[in-house]
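# Structural features, examined
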Amino acid sequence: MSLQTAQAARHLRWDLISYKALSSLQSETNRSRLGVIWWVLDPLLYMSVFYIVFGVIFERGGPGFVAKLLIALVIWRWFDNSVKTASGSLINGVGLMRQVYVSKLLFPMAAMFAQSLKFLCVLLILLVFLLAYGVEPGSSWLGLVPILLAELAFIAGLGLLLAAVIPFFPDLKTLIDYGIQLGFFMSGVFYEIASVPEAVRGYFALNPMAVLIDQSRQVLLYNNAPDWFALGWIALLGGALAVLGSYLLSRFDRDYPNLLL
């Protein structure tokens, strides 16, 4: 394959990914009378529920609890929605598979791309809230960019791997859902890692989402620089998982339509 042909194929693949992602978002908005407004309203209601339960009813937290909670929920929900939709993307796309040949990499990539676009809308609202809440922006806020890139790498790696494996073991999706739910409570959403007993604090450093949530709070609330080593190993882990997932999707590309009968 010539270089020009390879480049054309790559452009076509990204065009298909963006087209499918935007189509799914348009279909989603068409099913709701609120349309795009629901992209904002849904996460706001989601975050409000947790604030009422843990911040008001149980009086958890302390000074700055609202900002800490919202940062964690925004960072977590991007991961949660992206991985879940990517992991089931081949199963949900079986109808298209049977009509025309499409690279199976398209399905999880489009799913994650769509969720990332929605995340950017919510992230903008979060930053506006922090300003209204009295948090002063500083140069440390630029550290959010590498944090989000590291999370994107982790989401892509885990999403591609799960999308490749789940068609062979459909029941695994239920276990993944429970695992993500457990990870939600083990990632410091309602507390800070610094408050965890030292005896077990080291284990939290092995949880990529706990690290990413903590790092997001550090740069947005405490004006600290990101931990480059921590972000580096998360990005490398995500890259390794992405390579493995892409290989499996390519290796069994022609087998998936038969598996999903």
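Below is a short write-up of the structure. The model shown is predicted, which means the values in this text are computed figures rather than measured ones. (Residues numbered from 1 in each chain as written. Predicted model: local features only at pLDDT ≥ 70, side-chain atom pairs only at ≥ 80, totals over all residues. Heavy atoms only, no water.)

### Comments concerning the overall build of the chain
To keep things clear, this is the line we draw: Every helix listed is a DSSP run of H or I at least four residues long, and every strand listed is a run of E at least two residues long, numbered separately from the N terminus. Here, two residues are considered to be in contact whenever any of their heavy atoms come within 4.5 Å of each other. Accessible surface area values rest on a Shrake-Rupley calculation with a 1.4 Å probe, where residue burial reflects the displayed protein chains alone.
Broken down by element type, the chain carries twelve helices and zero strands. The secondary structure elements of the chain, listed N-terminal to C-terminal, are α-α-α-α-α-α-α-α-α-α-α-α. By sequence separation, contacts in the chain at least 24 residues apart represent 77% of the contacts at least 6 residues apart. Here the chain has roughly 14100 Å² of accessible surface; of this, 66% comes from carbon and sulfur atoms.

### So, the nonpolar core
Short version of the rule: Residues belong to a common nonpolar core when they are buried Ala, Val, Leu, Ile, Met, Phe, Trp, Tyr or Cys residues joined through side-chain atoms within 4.5 Å. Relative accessibility decides the category of a residue: with a 1.4 Å probe and only protein chains considered, values under 20% of the type maximum give buried, values over 50% give exposed, and everything between is partly exposed.
If you look at the biggest cluster of nonpolar residues, it comprises 68 residues, and the most contacted ones within it are Trp76, Phe79, Leu130 and Val189. The set of elements that each furnish at least two residues to this core consists of α2 (37-57), α3 (65-87), α5 (94-99), α6 (106-133), α7 (144-165), α8 (172-185), α10 (208-221) and α11 (228-251). With 15 residues, the top contributor of residues to this core is α3. In this structure, phenylalanine 79 is in contact with Glu151, Phe154, Ile155, Leu158 and Met209, ignoring residues within four places of it in sequence.

### Thoughts on the packing of aromatic side chains
What counts, and what does not: Pairing of aromatic rings covers Phe, Tyr and Trp, the last through its six-membered ring, and needs centres within 6.5 Å; plane angles under 30 degrees mean stacked, over 60 mean edge-to-face, and all others mean tilted. Sitting over a ring, as applied to charges here, requires NZ of Lys or CZ of Arg to be within 6 Å of the ring centre and within 35 degrees of the ring normal.
Taken as a whole and assessed by the stated rule, the structure comprises eleven aromatic pairs. In this structure an aromatic cluster arises from ring pairing among Trp76, Phe79, Phe154, Phe184, Phe185 and Phe190. The positively charged end of arginine 251 is found above the aromatic ring belonging to phenylalanine 252, 4.9 Å away from the centroid. The positively charged end of arginine 254 is found above the aromatic ring belonging to tyrosine 101, 4.1 Å away from the centroid.

### So, the pattern of salt bridges
The criterion, for reference: Each salt bridge in this description consists of a side-chain nitrogen of Lys or Arg and a carboxyl oxygen of Asp or Glu lying within 4 Å of one another.
With the rule as written, the count across this model stands at four salt bridges. One salt bridge in this structure joins lysine 68 and glutamate 192, with 2.9 Å as the shortest N-O distance. Taken together, the residues lysine 68 in helix α3 and glutamate 192 in the loop between α8 and α9 (198-204) connect sequence positions 124 residues apart. A salt bridge links aspartate 177 to lysine 173, with the nearest nitrogen and oxygen atoms 4.0 Å apart. Of this pair, aspartate 177 and lysine 173 both sit in helix α8, four residues apart, which is roughly one turn of that helix. Aspartate 177 sits in the partly exposed class, given a relative accessible area of 28%.

### Thoughts on the environment of lysine 104
Our working rule: Side-chain atoms alone can form a polar contact between residues adjacent in sequence; in general such a contact is a pair of N or O atoms within 3.5 Å, and within protein one must be able to donate a hydrogen while the other accepts it.
Tracing the chain through its elements places lysine 104 in the loop between α5 and α6. For lysine 104 and proline 257, which are 153 residues apart along the polypeptide, the C-alpha to C-alpha distance reads 9.8 Å. Only 3.0 Å separates the side chain of lysine 104 from the backbone oxygen of valine 102, close enough to count as a polar contact.

### As for the packing of α10 against α11
Put simply, the rule reads: Note on geometry: axes are lines fitted to C-alpha atoms, helical ones only across the stretch in contact, with angles between N-to-C directions running from 0 to 180 degrees. We call two directions roughly parallel when the angle between them is under 35 degrees, roughly antiparallel when it is over 145, roughly perpendicular when it lies between 65 and 115, and oblique otherwise. Helix crossings are classified by the rotation of the near helix relative to the far one: an anticlockwise turn of less than a right angle makes the crossing left-handed, while a clockwise turn makes it right-handed. Nonpolar residues are Ala, Val, Leu, Ile, Met, Phe, Trp, Tyr, Cys and Pro. Charged residues are Asp, Glu, Lys and Arg, and all others, Gly as well, are polar.
Where α10 meets α11, the closest approach of the two axes is 10 Å, and the angle between their N-to-C directions is 140 degrees. Considered as vectors, α10 and α11 are oriented oblique to each other. The hand of the α10/α11 crossing is left-handed. Residues Pro208, Val211, Leu212 and Gln215 of α10 pack against Ala230, Leu231, Trp233, Ile234 and Leu237 of α11. Tallied by class, residues from the contact of α10 with α11 come to eight nonpolar, one polar and no charged.

### Topic: α7
Selection rule: A helix is expected to span 1.5 Å for every residue after the first.
Between its first and last C-alpha, α7 extends 31 Å over 22 residues, near the 32 Å set by a 1.5 Å rise per residue. α7 sits mainly inside the fold: 17 of its 22 residues count as buried.

### Quick notes on a nonpolar patch on the surface
Note the following rule: Here a patch means residues that are over 30% exposed by relative accessible area and free of salt bridges, tied together within 9 Å if like-charged and within 5 Å if nonpolar (Val, Leu, Ile, Met, Phe, Trp, Tyr).
On the surface, Val145, Leu149 and Leu152 cluster together into a nonpolar patch covering about 270 Å² of accessible area. Considering the arrangement of structural elements, one finds leucine 149 in helix α7. By relative accessible area, leucine 149 is classed as exposed at 52%.

### Notes on the packing of α7 against α10
Axis separation between α7 and α10 bottoms out at 10 Å; the angle between their running directions is 165 degrees. Between α7 and α10, the crossing angle belongs to the class labelled roughly antiparallel. Crossing hand, α7 versus α10: left-handed. Two secondary-structure elements touch here, α7 through Leu144, Ile147, Ala150, Glu151 and Phe154 and α10 through Pro208, Met209, Leu212, Gln215, Ser216, Val219 and Leu220.

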